[in-house]
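# Structural overview
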Amino acid sequence: MAATAALRPDETHDPRAPAFPPPPVTARPIDRAAWIAAFRQVRNETERRAAPLSPEDQQVQSMADASPTKWHRAHVTWFFEQFLLREHLPGYAIYDARLHYLFNSYYVAAGPRQPRIQRGMITRPTMAEVAAYRAHIDRAVETLLSQASDRALEMVLPILEIGLYHEQQHQELLLTDILHAFAQNPLNPAYDPDWRFPDAAAQRGQVELRREIAWIGHTGEGFSFDNESPRHETLIPAGRIDRALVTNRQWLGFMEDGGYAKPELWLSDGWYAGPAEGWEAPGYWRRDGEGWATMTLGGQRPVDLDAPVTHISYYEADAYARWAGRFLPTEFEWEVAARDGGLPDAFGLVWQWTRSAYMPYPGYRPLPGALGEYNGKFMANQFVLRGSSVATPEGHARLPYRNFFYPHQRWQFTGLRLADAA
């Protein structure tokens, strides 16, 4: 989610094309200026997304799954200091060792950390002090990129690249987390009063999937996270996937038919999670007279019945598919259909739940050291989402990208499309 990303995502673009300019790590000769420009653009995009928020906005933590904006800004900065500067910039001195406890997230090998649920208690350092921390690390990283030998950069650039994509992930979280916080405020504040959800493609019909052995995963070209590899063969059964995403109008039909109250539609855990959380509609929907309104980054607005449904859990998506007499696609079926160009809204609107459990690909090996904790240790009890969302920074989404969340979570821009067996 780079500096050219629009907060009002009404322009078409190829989300698989990087929005920042670095060549692949393997490209030679090394273009230092391009990597410095990439670093600056990603870092500036974080600040651009935080700019509309007051110090009070940036401090709030509305639930355990969300983090304060100030924490996001500091954590991604800690990441560069911890994994890049400490090891690879000769003579580098830690800016403030106390910050490593406050802004480590889940890297056990990197040391102890503030409990996640207590990140909102970190009133100090102040927003201005976090900005100073960011500026210090920015200067140090640019010094490293300018002065390191070509041989040293062979070790530096892969870590830098992970750091850039890591910061883009937090740029998306910055928006979804502040949306959740604002949804708790009776004033219904807007992050950006001019923000609007982009229009979905007007597509009908289905993508035909033929029975085949398909190659799945990262091709080896360009960046990837470790959970996208190794590339491997998977059986794709014959079937069909909808070109269009499920809309709010269609979801309202599920609601009006009593979908939230029919136990035969729900997985057992979902049936208990719904009442416990008070689910009667997608996240952020609120009754508005005889209709429904929803909280958005532009404030509270009437539900757009033609827009894709979003802020739904896996449990809800699975229940809707059962109600419709259909299925969620597997992540592999989704990848084949999207690769062949059959899913016009694969990217840029909502992450799409699949029925695939988040598990390692055959032969998967995590990265060495603490960075091996990035993905591998979460490969249990979660489900895979594919595509990208309206909050995903431009250039971040890629075809084999595997997002993952627990089945009850719905504060992200999560939706669905349906599939049929042959």
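Residues numbered from 1 in each chain as written. Predicted model: local features only at pLDDT ≥ 70, side-chain atom pairs only at ≥ 80, totals over all residues. Heavy atoms only, no water.

The name given to the chain in an unreviewed UniProt entry is Ergothioneine biosynthesis protein EgtB, with the source organism recorded as Methylobacterium fujisawaense. Taken directly from UniProt, the Pathway (unreviewed entry) text for the chain runs: "Amino-acid biosynthesis; ergothioneine biosynthesis." (UniProt positions renumbered as here; feature names shortened; annotations may be inferred.)

## Description of the overall build of the chain
The helix and strand tally for the chain stands at 10 helices and 12 strands. On C-alpha atoms alone, the chain measures out to a radius of gyration of 22 Å, which is about the 22 Å that the 2.2 N^0.38 rule sets for 422 residues. By its C-alpha atoms, the chain is 65 × 55 × 40 Å across when sized along the principal axes. Looking at the 422 residues of the chain, the share that counts as buried comes to 56%. In the chain, 78% of the contacts between residues at least 6 apart in sequence involve partners at least 24 apart. Per element, the accessible surface of the chain, about 18,200 Å² overall, is 52% carbon and sulfur. Both charge centroids of the chain, one from 42 positive and one from 51 negative side chains, sit 3 Å from each other. (Helix = DSSP H or I, 4+ residues; strand = E, 2+ residues; numbered from the N terminus. Rg over C-alpha atoms; globule rule 2.2 N^0.38 Å. Buried < 20%, exposed > 50% of the residue type's maximum accessible area, 1.4 Å probe, protein only. Contact = heavy atoms within 4.5 Å. Areas by Shrake-Rupley, 256 points an atom, 1.4 Å probe, with all protein chains shown as cover. Lys, Arg positive; Asp, Glu negative; His and termini not counted. Charge placed at Lys NZ, Arg CZ, Asp CG, Glu CD.)

## Concerning the side chain of Arg-49
Residue position: Arg-49 is located in helix α1 (residues 32-50). Overall, Arg-49 belongs to the buried group, its relative accessible area being 2%. A distance of 2.8 Å separates polar atoms of two side chains, one belonging to Arg-49 and the other to Glu-45. (Polar contact = N/O pair within 3.5 Å; in protein donor to acceptor, adjacent residues only side chain to side chain.)

## With respect to the UniProt feature "domain: Sulfatase-modifying factor enzyme-like" (unreviewed entry) in the chain
When the UniProt feature table is mapped to this numbering, "domain: Sulfatase-modifying factor enzyme-like" (unreviewed entry) covers residues 221-341. End C-alpha to end C-alpha, residues 221-341 measures 19 Å, and it is 31% helix and 19% strand.

## Quick look at the side chain of Asn-104
Along the polypeptide, Asn-104 turns up in the loop between α4 (98-103) and α5 (127-147). Note on Asn-104: relative accessible area 1%, which makes it buried. Here the side chain of Asn-104 touches Tyr-107 through a polar contact of 3.1 Å, landing on its backbone oxygen.

## Points about the sheet that holds strand β9 (residues 383-386)
On the basis of which strands lie adjacent, the open sheet formed by 4 strands has the order β10-β9-β8-β11 and mixed pairing. The open sheet terminates on both sides in strands that have one partner only, identified here as β10 (403-405) and β11 (414-415). As paired elements, strand β8 (residues 351-357) and β11 share 2 bridges and run parallel to each other. Bridge pairing links Trp-351 to Thr-414 in β11. Across the sheet, helix α10 (residues 331-339) is in contact with β8 and β9; its angle to β8 comes to roughly 135 degrees. (Pairing = 2+ DSSP bridges. Axes fitted to C-alpha atoms, helices over the stretch in contact; angles between N-to-C directions.)

## Remarks on the nonpolar core
Within the largest apolar cluster, 95 residues are counted, with the highest numbers of intra-cluster contacts made by Val-141, Leu-160, Trp-251, Phe-254, Met-255, Trp-353 and Leu-416. Here this core takes 15 residues from helix α6 (residues 150-183), the largest share from any one element. Core analysis: the next-biggest nonpolar cluster, separate from the first, contains 18 residues, Ala-337, Phe-347, Tyr-361 and Ala-397 among them. (Core = buried A, V, L, I, M, F, W, Y, C linked by side-chain atoms within 4.5 Å.)

## Quick notes on the sheet that holds strand β12 (residues 419-421)
Spatial ordering of the open sheet is given by β1-β4-β12, a layout of 3 strands whose pairing is antiparallel. Here the strands that pair on one side only, and so sit at the sheet edges, are β1 (206-209) and β12. Between one strand axis and the next, the sheet turns through 20 degrees on average, direction left out of account. For β1 and strand β4 (residues 239-242), the ladder comprises 4 bridges, and the chain directions are antiparallel. Opposite Leu-209, over in β4, you have Gly-239 as the bridge partner. Against the sheet, α10 contacts β1 and β4, and its axis sits at roughly 110 degrees relative to β1.

## Some thoughts on the pattern of salt bridges
Within the structure shown, the criterion is met by 25 salt bridges. Of the charged contacts, one joins Arg-326 and Asp-242 as a salt bridge, the two residues approaching to 2.6 Å between their closest N and O atoms. Taken together, the positions of Arg-326 in the loop between α9 (314-323) and α10 and Asp-242 in strand β4 put the pair 84 residues apart, joining distant regions of the chain. The burial state of Arg-326 is the same as that of Asp-242; both residues are buried. Between Arg-322 and Asp-318 there is a salt bridge; the shortest N-O distance is 2.6 Å. (Salt bridge = Lys/Arg side-chain N within 4 Å of Asp/Glu carboxyl O.)

## Some points on the packing of α1 against helix α3 (residues 69-88)
At their nearest, the axes of α1 and α3 sit 10 Å apart, and the two run at 165 degrees to each other. On the basis of their axis angle, the class for α1 and α3 is roughly antiparallel. Here the hand of the crossing between α1 and α3 comes out left-handed. Contacts between α1 and α3 involve Phe-39, Arg-43, Thr-46, Glu-47 and Ala-50 on the former and, on the latter, Thr-69, Arg-73, Val-76, Thr-77 and Phe-80. Residues that form the contact of α1 with α3 fall into these classes: 4 nonpolar, 3 polar and 3 charged. (Parallel < 35°, antiparallel > 145°, perpendicular 65-115°, else oblique. Left-handed = near helix turned anticlockwise from the far one by under 90°. Nonpolar A, V, L, I, M, F, W, Y, C, P; charged D, E, K, R; others polar.)

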